[in-house]
Amino acid sequence: MFALNNNIGKSYVVFSTFISTMIIFLILILLLINSWDAISFSGIELFSIEWAPYKNKYGILSMLYGTLIVTFTALVLSIPLGIATSIFTAEILPHKYRFIVKSLLELLAGIPSIIYGLIGVAFFSIWVQDIFQLQTGRTLLTAGILLSIMVLPTIITLADDALTNIPHKYREASKGLGLYDYEVIKSTLLPIAKSNIIGAILLALGRALGETMAVMLVIGSIDKIPSPIYNLLTSGQTVTSKLGREISETAFGSVHFSALIFMGFVLLLVVICFTLIAQYFSNKTERLYD
Amino acid sequence: MTRKSKNSFFKIFCWLSVSACFGTLIFLFGVIFLNGIPAISLDFITSRSSNFGSEGGILYQIVGSILIVLVAALLSFPLAIGTAIFKSEYLNNRKWKKLSNVLIFGLNGIPSVVFGIFGLILFVNILGFGISWFVGSIILAVMMLPTITLTTFQSINSIPVIYRESSLALGLNKWQTITKVLLPQSFSGAITGLFIGLARAIGETAPIMFIATAFSGVDLPSGIREPVSTLPTHILALAQQATNPAALQNAWGASFVLILLVMLFSTTALVIRKRQLSHQRL
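Residues numbered from 1 in each chain as written. Chains lettered and ligands numbered in written order. Predicted model: local features only at pLDDT ≥ 70, side-chain atom pairs only at ≥ 80, totals over all residues.

A short note on the overall build of chain A
Line of reasoning, step 1. Counting its secondary structure elements, chain A contains 10 helices and two strands.
Line of reasoning, step 2. When the helices and strands of chain A are placed in sequence order, the string is α-β-β-α-α-α-α-α-α-α-α-α.
Line of reasoning, step 3. Taken along the three principal axes of its C-alpha coordinates, chain A extends 75 × 70 × 35 Å.
Line of reasoning, step 4. Taking the contacts inside chain A whose residues are at least 6 apart along the sequence as the reference set, 74% of them involve residues at least 24 apart. (Helix = DSSP H or I, 4+ residues; strand = E, 2+ residues; numbered from the N terminus. Contact = placed C-beta atoms within 7 Å.)

So, in structure tokens, the structure goes:
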């Protein structure tokens, strides 16, 4: 009887693990199969600029470019802000306030992305429109600003953890050499925490690449590469906003649908790569002497 | 620039950054609360919406949201517990441990919209479920799985080996050790993970908007193959008619209620975790 229970228990846990670990393969395979129509129909032309389903042209390059530039903008804004904030919470702030300040900052992570989108529509896009005198405030820049706020908590939390995990000895030894706080942080602490901070940034990058709702509402949804190419003040399109807007209007099984799935597949591969590299960096603990 | 002034500039930069973060935080919550509180009333949360959501309340959206995430939690919890037990108690090989971590973290990193198209292809089209709230629950369950698995794994894995050895020495077999000794000890960790998962899932829009929800004219579902309306998708629909002040006002009201639900779940998680920690110290 006990042995029987033991076996049932074991098969239950094996079965659960099998399901949880195989889902990711199921997703990859289903997406690949469903993008096959587009791959065989368009081939290398999938990586061209023009997206015009009525002409049977399915180039995803302008969406990829949109994703790239929006994510880049978001990171340029959030990396210095996030790392400086984490240095503040970990090194400058007296220890007793740390928990409360960190918990408050983590509230940012609790706001659902659709609410960020609503705030983006109601405030940020109007500000961008007024400040830059544009016809519409739904631009790549607006999406980038919104995304930078959304990835801030990821960077702050992980970078702060990386810094606080460094034993006190290192700070004391550096200060004993007569270094200022700035020099302690720059020459001792940041180099030690470097790989964890890179991990945090890559994780934030993965989040930013895949964010849908907030971006979709403020980006303007025009499938064009901006001209000139660095012009952030025009409407654009990201992979996710394209998927969010178009997929429910396309018939399952059509080339159009398949091209959208292909776009999702490319995004998925990129995001999974970044997540795994981030994992690698975060686990790469160098030996610290305590 | 002297070393001293560099130091001062650096500190000023850090102070400015923190102020910017707090300014943003206060702005965001201020906007949600200041716009949300005037929009809600007893009538708003107890009546159904009409005229594409710009009039009436959000009763069915609240019910729909809670229904979808609770069923998702019920689906996800047993799988996550099983996976966590296997990872912690049965998996001894370091390589396999690493691989399982890679797969679970990989699943955690998948963009939410990709879950949506996965659900659309597999459940709505291939398996022919049609647009139904239950499909939404399945997809949200998959999204919650890594969160619950990892928190449960951590709390099982952190139980000292001596508990397992004592229990085996008393003649309990492996499964009895797990159910009688390890699970009771790690249960609150698992529940914490469950509530963190719920807090994340209830705010998700992208995974359910193609597969589980309809934007208007939806009542309470009478079976598992019917769509519902949820708070996030309702906000989405209203945000797209942002030029209509009545619609925008209802969107703020719905956002406020959604934030309250998210906070309810995350504070529950926090409270359970704190209680567990103080319990362990005794």
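A word on the interface of chain B and chain A
Line of reasoning, step 1. Listed by partner, the interface residues are 69 residues for chain B and 67 residues for chain A.
Line of reasoning, step 2. Only helix H1 (3-39), helix H3 (59-90), helix H4 (94-109), helix H5 (112-126), helix H6 (133-157), helix H8 (174-202), helix H9 (231-239) and helix H10 (245-281) of chain B provide two or more residues apiece to the side of chain B that touches chain A.
Line of reasoning, step 3. Looking at the side of chain B that touches chain A, its residues break down into 46 nonpolar, 17 polar and six charged. (Nonpolar A, V, L, I, M, F, W, Y, C, P; charged D, E, K, R; others polar.)

Concerning the nonpolar core
Line of reasoning, step 1. Judged by nonpolar contacts, the single largest core of 166 residues is most densely connected at Ile-115, Leu-146, Leu-147 and Ile-155 of chain A together with Leu-140 and Ile-235 of chain B.
Line of reasoning, step 2. Here this core spans two domains, since at least three of its residues come from each of domain 1 (1-39) and domain 2 (43-281) of chain B.
Line of reasoning, step 3. Apart from the residues within four sequence positions on either side, Ile-235 of chain B is in contact with Ile-114, Ile-115 and Leu-118 of chain A together with Ala-251, Ala-254 and Ser-255 of chain B. (Core = buried A, V, L, I, M, F, W, Y, C linked by C-beta atoms within 7 Å. Buried ≥ 20, exposed ≤ 12 C-beta atoms within 10 Å, placed from the backbone. Domains from an automatic or database assignment.)

Re helix H7 (residues 181-210) of chain A
Line of reasoning, step 1. Taking 1.5 Å as the rise per residue, H7 of chain A with 30 residues should run 44 Å; its terminal C-alpha atoms sit only 37 Å apart, a clear shortfall.
Line of reasoning, step 2. Lys-194 of chain A marks the point of greatest bend in H7 of chain A, at about 60 degrees. (Expected span 1.5 Å × (residues − 1). Bend = angle between axes of the 7 residues up to and from the residue.)

Here we look at the domain arrangement of chain B
Line of reasoning, step 1. Split into domains, chain B comes out as domain 1 (1-39) and domain 2 (43-281).
Line of reasoning, step 2. For the side of domain 1 of chain B that touches domain 2 of chain B, the per-class residue count stands at four nonpolar, two polar and no charged.

As for the packing of H7 of chain A against helix H10 (residues 255-283) of chain A
All names here are of chain A.
Line of reasoning, step 1. Direction vectors running N to C along H7 and H10 enclose 160 degrees, while the axes themselves pass 7 Å from each other. One element, H7, and the other, H10, form an angle in the roughly antiparallel class. In this structure, H7 crosses over H10, and the sense of that crossing is left-handed. For the pair formed by H7 and H10, the contact residues are Ser-195, Asn-196, Ile-198, Gly-199, Leu-202, Leu-203, Leu-205, Gly-206, Leu-209 and Gly-210 on the first element and Leu-267, Val-270, Val-271, Phe-274, Thr-275, Ile-277, Ala-278, Phe-281 and Ser-282 on the second.
Line of reasoning, step 2. Here the contact of H7 with H10 is built from residues that sort into 12 nonpolar, seven polar and no charged. (Axes fitted to C-alpha atoms, helices over the stretch in contact; angles between N-to-C directions. Parallel < 35°, antiparallel > 145°, perpendicular 65-115°, else oblique. Left-handed = near helix turned anticlockwise from the far one by under 90°.)

Focus on helix H6 (residues 168-176) of chain A
Line of reasoning, step 1. Of all nine residues making up H6 of chain A, only zero are buried, and the element is barely covered by its neighbours.
Line of reasoning, step 2. Two residues or fewer past H6 of chain A, Gly-178 of chain A is found with a positive phi of approximately 90 degrees.

Looking at the confidence of the model for chain B
Line of reasoning, step 1. Scored by pLDDT, chain B comes out at a mean of 89, with 98% of its residues at no less than 70.
Line of reasoning, step 2. Across the predicted assembly, pTM comes out at 0.92 and ipTM at 0.91. (pLDDT = per-residue confidence, 0-100.)

What to know about unusual backbone geometry
Residue and element names in this part refer to chain A.
Line of reasoning, step 1. In the segment running from Ser-227 into Pro-228, the intervening peptide bond is cis, with an omega of -10 degrees.
Line of reasoning, step 2. Structurally, Pro-228 is set in the loop between helix H8 (213-218) and helix H9 (239-246).
Line of reasoning, step 3. Positive phi, close to 55 degrees, is recorded for Gln-133, a residue that is not glycine.
Line of reasoning, step 4. Here Gln-133 lies in the loop between helix H4 (113-131) and helix H5 (140-164).
Line of reasoning, step 5. You will see that Ser-221, though not glycine, has its phi angle at about 50 degrees, which is positive.
Line of reasoning, step 6. Here Ser-221 is to be found in the loop between H8 and H9.

Digging into the environment of Arg-48 of chain B
Line of reasoning, step 1. Considering the arrangement of structural elements, one finds Arg-48 of chain B in the loop between helix H2 (42-46) and strand S1 (49-50).
Line of reasoning, step 2. Those residues in contact with Arg-48 of chain B, other than ones at most four positions away along the chain, are Gly-56, Gly-57, Leu-59 and Tyr-60 of chain B.

As for the environment of Ser-112 of chain B
All names here are of chain B.
Line of reasoning, step 1. As for its placement among the helices and strands, Ser-112 is situated in helix H5.
Line of reasoning, step 2. Owing to 23 C-beta atoms within 10 Å, Ser-112 belongs among the buried residues under this scheme.
Line of reasoning, step 3. Remark: the alpha-carbon pair of Ser-112 and Glu-204, spanning 92 residues in sequence, is separated by 7.8 Å.

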